[in-house]
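One-letter residues, chain by chain:
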Amino acid sequence: MATASLELQGLNFNLSEEHLAVQEAARDFAQNELLPGIVERDNEARFPAEQIKKMGELGFLGMMVSPDYGGGGMDTVSYVLAMEEISKIDASASVVMSVNNSLVCYGLEAYGTEEQKQKYLTRLATGETIGAFCLSEPEAGSDATSQATTAEDKGDYYLVNGTKNWITNGNSSGICLVIAQTNREKKHRGINCLIVEKGMPGFVVGKKEDKMGIRASDTHSLLFTDVKIPKQNRIGEDGFGFKFAMSTLNGGRIGIAAQALGIAAGAYELALKYSQERKSFGKQIFEHQAIQFKLAEMATKIEAARLLVYKAARLKDEHKDYVQAAAMAKLFASEIAMWATTEAVQIHGGYGYVKEFHVERLMRDAKITQIYEGTSEIQKLVIARELIR
Ligand code: CAA
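Residues numbered from 1 in each chain as written. Predicted model: local features only at pLDDT ≥ 70, side-chain atom pairs only at ≥ 80, totals over all residues. Heavy atoms only, no water.

Engineer: Just give me the short version of the layout of surface pockets, but keep the residues and values in it.
Structural biologist: Of the pockets and cavities examined, the largest pocket occupies roughly 1,500 Å³. In terms of lining, the largest pocket is formed by 45 residues, of which the most central are L135, M246, L249, R253 and G374. Of all the elements in the fold, those that place two or more residues in the lining of the largest pocket are α5 (91–111), β5 (157–168), α7 (241–277), α10 (359–369) and α11 (376–387). Each residue belonging to the lining of the largest pocket can be placed in one class, and the counts come to 19 nonpolar, 13 polar and 13 charged. There are two domains that each give the lining of the largest pocket at least three residues, and those are domain 2 (132–239) and domain 3 (242–387). (1 Å grid on protein atoms, 1.4 Å probe; cavity = no way out; pocket = protein on both sides within 12 Å on 5 of 7 lines; lining within 4 Å. Points joined across faces, edges and corners; volume = space filled by probe spheres on them. Helix = DSSP H or I, 4+ residues; strand = E, 2+ residues; numbered from the N terminus. Nonpolar A, V, L, I, M, F, W, Y, C, P; charged D, E, K, R; others polar. Domains from an automatic or database assignment.)

Now the structure itself:
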């Protein structure tokens, strides 16, 4: 039964009872399991291992994966609803969730062999282990085709050498999807994606990054020295690796858009509540038009971001082209997240600048959404290319 609906450009946004139940479960989990200790985890840059384990048990780490491989068999709309709720409280936990769901699990389910799915996807979807998506390098961020990591073809295996940078779940993951160049003459069509397991000889976890935001997620460099990867660990045909990365990132961007939306909405909800508690000049600060206008503008722009996120998710669920919609959702939601969190700090005044009021953390967390899974500038490039395609 439909309980909430909205129509936009022929798209039906009916949220079913199942959608609303997922949303509520994620909201409860965030309040009860992620909020306690969040300031300390952020201060100490401590990975929320226990909480991530529980997220796996509750099915948040493989939401869209088929039940045949241990997943929840849910749609992308359910996923973005859960991402928004988790991100309102804890963007460090939600990036773990996003990378595992929409980059690693999705990539394996969409393009992996049956053997790869049985061996790896089932473990990832249930949260027995988590995954990492290893594309970025010291000299290859936005310019992702410039891969310096090599996967030399040695007959029945690849020999991998190189360094990956800023890898989410770098230390905590057990399974990594590693993009590497096999044939440089073929440029991006000579790139492969290989499934690499932690513990394989020559694979070492490097430096942990000391980050501005999402401090409790573990971001590391990964080092590969003569790592032997069997051919059966290659995803897709020889040379499919770059296409694999781009196609997977299209969906990943919906997840990060939902994360940005959640960060913005979380900061807005805190600011709205605070504005009705705090008094100045003899009245609640909400009664001042300066504050009302800020909140009205935040509510409007956050709602617009939500529509873009739902639209991209719905298009993906309906197997329609969602490349541009995903880029628009990520671009807009991340810009709104940075702006709305800054406004939320402003509404809180001095309290907003200290840690226990949470909005300064959300402001620091918001920044990364304009950078990872394609910067805002890359999203504009993707959108523009689609305009004339
Ligand atoms: N979807 C599907 N295929 C795509 C695509 C897309 N969005 N964008 C490009 N491609 C395909 C093209 O069709 C082309 O394939 P063919 O040659 O077979 O036709 C191939 O990829 C190369 O494309 P381009 O010629 O357009 O390559 P380019 O170098 O000019 O530009 C780019 C590509 C869009 C800039 C790309 O490099 C890009 O998206 N960069 C950003 C990288 C990124 O998002 N990194 C995120 C790191 S992962 C992360 O952050 C995870 C985390 O930890 C949170």
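Right, picking up where we left off after that structure.
Engineer: Would you mind going over the UniProt feature "domain: Acyl-CoA dehydrogenase/oxidase C-terminal" (unreviewed entry) in the protein in detail, with residue names and values included?
Structural biologist: Taking the numbering used here, the UniProt-annotated feature "domain: Acyl-CoA dehydrogenase/oxidase C-terminal" (unreviewed entry) corresponds to residues 241–387. The span residues 241–387 is 78% helical and 3% strand by assignment, and the distance between its end C-alpha atoms comes to 25 Å. (UniProt positions renumbered as here; feature names shortened; annotations may be inferred.)

Engineer: Provide a residue-level description of the domain arrangement of the protein, including the pertinent values.
Structural biologist: We note that the domain assignment places domain 1 (17–130), domain 2 (132–239) and domain 3 (242–387) within the protein. The centre of domain 1, based on its C-alpha atoms, is set 22 Å off from the matching centre of domain 2. The interface is formed by 25 residues belonging to domain 1 together with 22 residues belonging to domain 2. Across the domain 1 to domain 2 interface the summed buried area is about 2,000 Å²; carbon plus sulfur atoms make up 62%. The tally of links from domain 1 across to domain 2 stands at one salt bridge. When the shortest N-O distance is used, the salt bridge between E197 and K119 registers 3.9 Å. Taken together, domain 1 and domain 2 are joined by 11 residue pairs in polar contact (both at pLDDT 80 or more). Top contributing element to the side of domain 1 that touches domain 2 by residue count: α5, with nine residues. (Contact = heavy atoms within 4.5 Å. Buried area = accessible area lost by both parts, 1.4 Å probe. Salt bridge = Lys/Arg side-chain N within 4 Å of Asp/Glu carboxyl O. Polar contact = N/O pair within 3.5 Å; in protein donor to acceptor, adjacent residues only side chain to side chain.)

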